[in-house]
Amino acid sequence: MSNEQANMNPSVLSEEDVLGWIEAKVDQLYAEAKVLVDDYWRRLKAEQNRHARSEKARIGVRIRRRETCLSFSIEWFRMAMIRQQGQTKPIAHYLKKGPGYHYPMGRLLQGEPEWEAVLIEELETEFADIRKQIDLLGKIRDALQGYRKAIR
């Protein structure tokens, strides 16, 4: 297409359209991640009922929404119980992801039963793909905001 043709057919997408598209994509990825997280907890509960207490799972996963920047994170944590004043209370120790989009499986699965490791590895592959997409959408958003500042 020549420059004359491009000037005659200006883009119909506004900056708001692009931001709306990013928001819709983030919402779509959030819904997909939520289904996977819910599936993890359902499968974890079913498997725990089939195994001895010695093979009890201790790894959990959650989604943390970040409304201010159209984003969310998918985080793994280790579950434990503590005693306080004669009562046992659950606590969660969040695990560090490190660089990249994947959690390091060796550290994450250390001491966990084999059945749980298989489940986590399967889902972490899908979570890493979602994390990458969220990161790229954030970079598009940031570039658009940088562009807005530059033209003002």
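(A) Layout of the packing of aromatic side chains. What the rule picks out here adds up to six aromatic pairs. A ring pair is formed by Tyr40 and Trp41, whose centres lie 5.5 Å apart and whose planes are at 75°; its orientation type is edge-to-face. Assessed through its relative accessible area of 0%, Tyr40 is described here as buried. Classification of Trp41 by relative accessible area gives partly exposed; the value is 30%. Where Trp41 meets Phe77, the ring centres are 6.3 Å apart and the plane angle is 35°; that geometry is what we call tilted. On the criterion of sequence distance, the pair formed by Trp41 in helix H2 (residues 15–50) and Phe77 in strand E2 (residues 71–84) is long-range, its members being 36 residues apart. For Phe77, a relative accessible area of 10% gives the class buried. Each member of the aromatic cluster is reached from another via a ring pair, and the members are Tyr40, Trp41, Trp76, Phe77, Tyr94 and Phe127. Across the ring face of Tyr94, the terminal group of Arg64 is positioned such that the distance to the ring centre comes to 5.3 Å.

(B) Broad picture of the pairing of E2. Two strands pair when backbone bridges link them, and strand E1 (residues 59–66) and E2 are joined in this way by eight bridges, in the antiparallel orientation. In the sheet register, Arg64 faces E2, and the bridge partner there is Ser73. Of the strand pairs in this sheet, E2 and strand E3 (residues 87–94) are connected by eight bridges, and their pairing is antiparallel. Within E3, the residue paired with Gln84 across the bridge is Gln87.

(C) Up close: the side chain of Ser73. For Ser73, the location among the structural elements is in strand E2. The class for Ser73 is buried, based on a relative accessible area of 17%. Engagement of the side chain of Ser73 in a polar contact is seen with the side chain of Glu75, the distance being 3.0 Å. Filtering out sequence-adjacent residues up to four positions away, Ser73 remains in contact with Arg62, Ile63, Arg64 and Arg66.

(D) Expanded view of the sheet that holds E1. Strand order in the open sheet made by the three strands is E1-E2-E3, with antiparallel pairing throughout. Looking along the sheet, the strands with just one partner apiece sit at the ends: E1 and E3. Taking each pair of neighbouring strands and ignoring which way they run, the sheet shows an average axis angle of 40°. Against the sheet, helix H4 (residues 114–151) engages E1 and E2, with an angle of about 140° to E2.

(E) Fine view of the nonpolar core. Ranked by size, the top nonpolar core spans 28 residues in total, and within it Tyr40, Phe72, Trp76, Leu108, Phe127 and Ile130 carry the most contacts. Breaking this core down by element, the ones donating at least two residues are H2, E1, E2 and H4. Broken down by element, the residue count for this core peaks at nine residues, all from H4. Apart from the residues within four sequence positions on either side, Tyr40 is in contact with Ile59, Gly60, Val61, Trp76, Glu116, Leu119, Ile120 and Leu123.

Calculation rules
- Residues numbered from 1 in each chain as written.
- Predicted model: local features only at pLDDT ≥ 70, side-chain atom pairs only at ≥ 80, totals over all residues.
- Heavy atoms only, no water.
- Phe/Tyr/Trp six-rings, centres within 6.5 Å; stacked < 30°, edge-to-face > 60°.
- Buried < 20%, exposed > 50% of the residue type's maximum accessible area, 1.4 Å probe, protein only.
- Helix = DSSP H or I, 4+ residues; strand = E, 2+ residues; numbered from the N terminus.
- Lys NZ or Arg CZ within 6 Å of the ring centre and 35° of its normal.
- Pairing = 2+ DSSP bridges.
- Polar contact = N/O pair within 3.5 Å; in protein donor to acceptor, adjacent residues only side chain to side chain.
- Contact = heavy atoms within 4.5 Å.
- Axes fitted to C-alpha atoms, helices over the stretch in contact; angles between N-to-C directions.
- Core = buried A, V, L, I, M, F, W, Y, C linked by side-chain atoms within 4.5 Å.

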